[in-house]
Amino acid sequence: MSTQQSIAMWSGPRNISTAMMRAWENRPDTYVQDEPLYAHYLQQTGIDHPGAAKIIAAYECDWRRVVEQLTGPIPHNKAIYYQKHMTHHMLDDMQRDWMLKLTNCFLIREPSQVVVSLAKVLPNPTLEQTGFVMQAELFEYVRQHIGIIPPVIDTSDVLRDPRGVLSKLCAVLDIPFTEAMLNWPAGKRETDGNWGPYWYASVEKSTGFMPYTPDTAPVPEHLQSLVAACEPYYQQLAQHRLSS
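Residues numbered from 1 in each chain as written. Predicted model: local features only at pLDDT ≥ 70, side-chain atom pairs only at ≥ 80, totals over all residues. Heavy atoms only, no water.

Side note on the pattern of salt bridges
Then, number 1: Overall, the coordinates contain 10 salt bridges when judged by the stated rule.
Then, number 2: For the salt bridge of Arg-163 with Glu-179, the shortest nitrogen-to-oxygen distance reads 2.7 Å. One end of the pair, Arg-163, is in helix α9 (residues 162–173); the other, Glu-179, is in the loop between α9 and α10 (196–199), with 16 residues separating them in the sequence.
Then, number 3: Taking the relative accessible area as the measure of exposure, Arg-163 reaches 42% and is therefore partly exposed.
Then, number 4: One network of salt bridges, with partners in common, ties together Asp-34, Glu-35 and Lys-84. (Salt bridge = Lys/Arg side-chain N within 4 Å of Asp/Glu carboxyl O. Helix = DSSP H or I, 4+ residues; strand = E, 2+ residues; numbered from the N terminus. Buried < 20%, exposed > 50% of the residue type's maximum accessible area, 1.4 Å probe, protein only.)

So this is what it looks like as structure tokens:
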């Protein structure tokens, strides 16, 4: 393992991104950060997310200043800096070269499950809000600039075999796997964003990854075209996903 490593995990919404953050935070060698570009995204887009005004008031809204911290020294003298990012928080007018100072990974989920879950919070989600388009763009940007395929993990694979997939991810990252990543204490964390009350009810009750239970319910008719639009972007990354 290299002495220190900063990991950016790029996920769309309604994924297991917060549970994944719990897994990494439970490592004694890791500091985690929760959606550091969220305030900038809310301020610039004006989108009506729960608690938007409080988020903008509480966090840094200048993406350049956020990036300085993300690419700087790892807080609290930890060896690993795990950054939970939402892909749609990376707006088109933001520079991307700073990403190349980090180890970029991608967390994906099957589109029908993302869209149906997202619609419970945002009744009429757009393609942009699913994060799939930007996730594919960022994946290709990183791949082209580093010359290798960055790590991709799929939610369903993680939930089917957390130990196997996380072990493989750690091996690819040249980081020793630890069983501490599989279970964590229930409850809130100081590192959770102040948007936790709106989004984290399930993960706050969790003590580990939930068992995989595929959703067999049909996609509502008004969401089917959105799921179809997301599918090519999902498949672009899914063909490269790590499996146990």
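So, next bit.
As for the packing of aromatic side chains
Then, number 1: This model, assessed by the stated rule, comprises eight aromatic pairs.
Then, number 2: With a centroid separation of 4.9 Å and an interplanar angle of 80°, the aromatic rings of Tyr-38 and Trp-195 are classed as edge-to-face. In this pair, Tyr-38 is assigned in helix α2 (residues 38–45) and Trp-195 in the loop between α9 and α10, connecting sequence segments 157 residues apart. Side by side, Tyr-38 and Trp-195 carry an identical accessibility label, which is buried.
Then, number 3: One aromatic cluster in this structure is built from Tyr-38, Tyr-59 and Trp-195. (Phe/Tyr/Trp six-rings, centres within 6.5 Å; stacked < 30°, edge-to-face > 60°.)

Brief notes about the packing of helix α5 (residues 111–119) against helix α12 (residues 224–238)
Then, number 1: Their axes nearest at 9 Å, the elements α5 and α12 cross at an angle of 135°. Looking at the two axes, α5 sits oblique to α12. Considering only the axes of α5 and α12, their crossing is right-handed. For the pair α5 and α12, the contacting residues are Pro-111, Ser-112 and Val-115 in the first and Leu-226, Val-227, Cys-230, Glu-231 and Tyr-234 in the second.
Then, number 2: In the contact of α5 with α12, the residues fall into six nonpolar, one polar and one charged. (Axes fitted to C-alpha atoms, helices over the stretch in contact; angles between N-to-C directions. Parallel < 35°, antiparallel > 145°, perpendicular 65-115°, else oblique. Left-handed = near helix turned anticlockwise from the far one by under 90°. Contact = heavy atoms within 4.5 Å. Nonpolar A, V, L, I, M, F, W, Y, C, P; charged D, E, K, R; others polar.)

Describing helix α1 (residues 17–25)
Then, number 1: Judged by how many residues are buried, α1 sits mostly within the fold: eight of nine residues are covered.
Then, number 2: Taken as a whole, α1 has its buried residues at Ser-17, Thr-18, Ala-19, Met-20, Met-21, Arg-22, Ala-23 and Trp-24.

Describing the sheet that holds strand β1 (residues 5–11)
Then, number 1: The five strands are arranged β2-β3-β1-β4-β5 in an open sheet whose pairing can be described as parallel. Of all the strands in the sheet, the pair left with one neighbour each is β2 (30–34) and β5 (152–154). Along the sheet, successive strands turn relative to each other by an average axial angle of 20°, direction set aside.
Then, number 2: With five bridges joining them, β2 and strand β3 (residues 80–86) adopt parallel strand pairing. (Pairing = 2+ DSSP bridges.)

What to know about the pairing of β3
Then, number 1: The element β3 is extensively covered by neighbouring structure, given that seven of its seven residues are classed as buried.
Then, number 2: Side chains of β3 alternate between two faces, with Ile-80, Tyr-82, Lys-84 and Met-86 and Tyr-81, Gln-83 and His-85 buried alike.
Then, number 3: Sheet analysis places β1 next to β3, joined by seven bridges and oriented parallel. The partner of Met-9 across the bridge, within β3, is Lys-84.

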